[in-house]
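As a plain string of letters, each chain reads:
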Amino acid sequence: MKVLVFSEQYPPERGGVAISAQRIVSALHEAGVEMAVVCYDPDSPPSDFPHVCSTAESEGFWLHRVGPYFKNRAEQLGEDEKASMRRNALLLVNRLAEQFRPDLIHSFYLLDAGFLASLVAQRLRIPHLTSVRGTDLSRGLFHAGRFALLRHTIESASGITFVNEYLSGLARTAFRLPRISEVVPNGVFVAEAPHDQTARRTVMRTKYAIRDDHPVVGFVGWARPKKGLEDLLEALAAVKQISPDLLIIGDFLEESDREGFAGRVRRLGLAERVAITGPLDHRRVRDLLPALDAVVIPSWDDGMPNVLLESMERGVPVFGSDVFADVLEHGRNGFVFERHDVAQLALLLDQWLQQPDVLTAAGLAARQTAIERFDYRHERDAYLRIYQSLLSEP
Amino acid sequence: MRVLLVPEAFPPSRGGVAGSADRIVGYLRQAGVEVWAVDFDGRAEFGPSLSVTVDRTRECTVLVTPFFDNDRPVRIPERVKAVARREATLQLTNVARSLGIQLIHSMSVFNAGFIATFVAGALARPHLVGVRGFGRHPFDGFRAECVRWVLERATAVALANRSLLELLSVAHPAVAAHATVIADSVSPRPYPGLDAAARDALRAEVGVGPDVVLIILAANLREKKLVGLVLQALAAVPLAPATRLLIMGRVHPGVRDQFDADLRRLGLEERVVVRESVSQEVLPRWLEASDIVVLPSVDYGTTNIVLEAMERARCVVASDIFAEVIRHEENGILVNRLDPAALGRAFAALAADLQSRNRLGTAARAVALAECRPDREANAYIGLYERLVAS
């Protein structure tokens, strides 16, 4: 079976889509599927001549980066220019697809990867499986300028997957979905349980100048408005009985977000209690997780962030908004609060951060959930099954 | 019956849609329908922390705040608007579910109808899409697909006048075949509402004496009301008798330069006055204090101001888009769209002819009272609601 994957991002780009795409592609390749990957060339300025940079990945498949593309400059370019770039990218991807001759195209992220993949698949008359990851649907659906392309992508696909029920429900409300439509949650690589937490904590506290004798909660990833970081700060300020510190493992995508954050930290009197690591590679993030007392994911809107499963796999308890209620079971393998409900989050932090035994038990249960439900092989097998269904359709 | 009414604007916001929503809600409640009205609050400063709550200070109102206002000069990026639409949708769905809403009635296709389509879909309730003016949406590459989607997903479509049905028949014929026209109405008030002293005092507020012919254009000036058209027409009107144009609304930043340049070029600085729009309660007084009310619209849209001016027994000069309610030279004057010369001739003739103005105004009030009654409009909606809920 030959599958051409078209992913909106791919490592070394950071972000959930890149990490998930690499995990899924590697797993499928390992299972014997012949893969090739197309993604964008993120560093190529709009003035570049249309091009493809192809490299052989260490796992043994080809990675093709198509440029120039507007992904990181979407707000600065007009619609005409974006349309030209889409058209040029389509020509290049068509050529790559003709050479590779895939049986199926699998896109990650609806716009623009999914949209272009739908055209390529139509041209080659092969099935197109599109995978919805998060804001590609949950924000794109409400974006007047993207709605038409989104609708085309979804309604013309042969199959569609979502990383959670929330996204699946949104799409069902809006569109006619393909016959094959499934929720395939993210997966996680399960490693040996971490056993040197005390040493890791000491190293972390020293490196990021975090106070001793206070619990540390982590916020992991790009600090964007939809992630609910403002709610977390308000909750930390409202916690009464303890005084937890916050380590942001990640950074701000936009300077305005950083300034807004800094202002809020000052206003809430949290300046001594917040540290930021700056961007870290994925492996380093995984190493830091066990040093935390808990991870908080207060998202207003999300797909299935990798940090959720990775924290669980590392045995770190997660306080998550109800966006993740299909993974977290309140009081058993994590703690769930209603999104936007700062008071509830503050109450939970106050109550549980001072009970290490409960946190440990929740962390162990979380790791067990990760092993039983979210091992990457479940995800891989789900995609393999869907591929086979799509290819067996008349 | 419990209905969620989703207008684009609701009082205390101003404008035609807010006025229509207020009137329709009032008459539906009088008729015993439990109407919950959604207020998208564009008055507060826009920010990311949107909330949707039942407003305990007002009767059956759901407040969505802060929401963006497209008439505000600050440009909000589309991706930020998308997030606001999503948050409004998700939270409004929860509130509507908790209220036990049986039917959703949106009053503008975009954004209200767009958001309402999701809410209705999530709750599996019928959705009546009200169309009060497409603006340029059918011709807008950005929004056309959203508009099509809203109309195609609607359980029923009700248009505020026949001119909208004409456009719908061309742009979305399959939808038009099943659409209903429920014409706008106007609430009757005692007439006259102003004595001579009150009239003179109002006019004095904008520097217009009792003998000057006062023409009112009540609208925010965007491309829609075609600034240049009205100014060119006014420039063609002789200086005697004295005429003044009062623009009640905001001159949008996008047309401000053109507006100022036209005023200078045409020598109209002394003949045009601009002031902010006024509330729905005060507007009838201003209309009554005027001599002519002008509606030069090119877009297919709502007829509120026309009806309100008619109800105040004013002489209305309108583009032929309003032929549904204005009968030329019987109860008003119709001119071709985008014809400044014809508009100028109409102004000049009426400015010089008080008797004609009075005759047309009297006839206009008679037509408004006889044919545009709010109870008739409300009953039409109730009949449609009952059919939709039953089906």
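Residues numbered from 1 in each chain as written. Chains lettered and ligands numbered in written order. Predicted model: local features only at pLDDT ≥ 70, side-chain atom pairs only at ≥ 80, totals over all residues. Heavy atoms only, no water.

### Points about the overall build of chain A
Alright, step 1. Of the regular secondary structure elements, chain A holds 14 helices and 14 strands.
Alright, step 2. Expressed as a percentage of the 394 residues in chain A, the buried residues total 59%.
Alright, step 3. A separation of at least 24 residues holds for 70% of the contacts in chain A among residues at least 6 apart in sequence.
Alright, step 4. A total accessible area of about 16100 Å² is found for chain A, and carbon and sulfur atoms account for 49% of it.
Alright, step 5. Considering chain A, the positive charge centre built from 45 side chains and the negative charge centre built from 53 side chains are found 3 Å apart. (Helix = DSSP H or I, 4+ residues; strand = E, 2+ residues; numbered from the N terminus. Buried < 20%, exposed > 50% of the residue type's maximum accessible area, 1.4 Å probe, protein only. Contact = heavy atoms within 4.5 Å. Areas by Shrake-Rupley, 256 points an atom, 1.4 Å probe, with all protein chains shown as cover. Lys, Arg positive; Asp, Glu negative; His and termini not counted. Charge placed at Lys NZ, Arg CZ, Asp CG, Glu CD.)

### A word on the nonpolar core
When a protein is soluble and globular, its nonpolar side chains tend to lie buried together.
Alright, step 1. Ranked by size, the top nonpolar core spans 100 residues in total, and within it A:Leu137, A:Leu141 and B:Val157 carry the most contacts.
Alright, step 2. Setting aside residues no more than four positions away along its own chain, B:Val157 makes contact with B:Leu128, B:Val129, B:Val131, B:Leu151, B:Leu168, B:Val175, B:Ala179 and B:Thr180. (Core = buried A, V, L, I, M, F, W, Y, C linked by side-chain atoms within 4.5 Å.)

### Focus on helix H14 (residues 374-390) of chain B
All names here are of chain B.
Alright, step 1. With 17 residues, H14 should cover 24 Å at 1.5 Å per step; its first-to-last C-alpha distance of 24 Å lies within 8% of that length.
Alright, step 2. What H14 keeps buried is the set Pro-374, Glu-377, Ala-378, Tyr-381, Ile-382, Leu-384, Tyr-385 and Leu-388. Summarising the axial view, the buried residues of H14 lie within an arc of 165°, below the 170-degree limit, and thus occupy one face. Facing away from the buried side of H14 by more than 90 degrees, the exposed set consists of Arg-387 and Ala-390. (Expected span 1.5 Å × (residues − 1). Arc of directions from axis to C-beta.)

### Describing the sheet that holds strand E9 (residues 216-220) of chain A
Backbone-to-backbone hydrogen bonds join strands into a sheet, with any given pair of strands oriented parallel or antiparallel.
Residues and elements named next belong to chain A.
Alright, step 1. Spatial ordering of the open sheet is given by E11-E10-E9-E12-E13-E14, a layout of six strands whose pairing is parallel. The open sheet has two edge strands, strand E11 (274-276) and strand E14 (335-337), and neither has a second partner. In this sheet, adjacent strand axes meet at a mean angle of 25° when their direction is disregarded.
Alright, step 2. Alignment of strand E12 (residues 294-297) against strand E13 (residues 318-321), held across three bridges, turns out to be parallel. Bridge pairing in E13 links Val-295 to Val-318.
Alright, step 3. Those strands touched by helix H11 (residues 306-313) are E9, E12 and E13, and its axis lies near 160° from that of E12. (Pairing = 2+ DSSP bridges. Axes fitted to C-alpha atoms, helices over the stretch in contact; angles between N-to-C directions.)

### Describing helix H8 (residues 227-235) of chain B
Residue and element names in this part refer to chain B.
Alright, step 1. Here H8 lies mainly inside the structure; seven of its nine residues are buried.
Alright, step 2. Looking only at H8, the buried set comprises Val-227, Gly-228, Leu-229, Val-230, Leu-231, Ala-233 and Leu-234.
Alright, step 3. Contact partners of the buried residues in H8: strand E9 (213-218), strand E10 (243-248), helix H9 (253-265), strand E11 (272-275) and helix H12 (340-351).

### Overview of the interface of chain A and chain B
Alright, step 1. With 21 residues of chain A in contact, the opposing surface of chain B contributes 26 residues.
Alright, step 2. Carbon and sulfur atoms supply 63% of the area buried between chain A and chain B, which totals about 2200 Å² over both sides.
Alright, step 3. Sorting the residues of chain A by area buried against chain B places A:Phe142, A:Ala144 and A:Thr173 first, and these three jointly supply 30% of that buried surface.
Alright, step 4. On the surface where chain A and chain B come into contact, there are 10 residue pairs in polar contact (both at pLDDT 80 or more).
Alright, step 5. Only helix H5 (147-156) and helix H6 (165-174) of chain A provide two or more residues apiece to the side of chain A that touches chain B.
Alright, step 6. At four residues, the largest contribution of residues to the side of chain A that touches chain B is made by H6(A).
Alright, step 7. Considering only residue class, the side of chain A that touches chain B consists of 10 nonpolar, five polar and six charged. (Buried area = accessible area lost by both parts, 1.4 Å probe. Polar contact = N/O pair within 3.5 Å; in protein donor to acceptor, adjacent residues only side chain to side chain. Nonpolar A, V, L, I, M, F, W, Y, C, P; charged D, E, K, R; others polar.)

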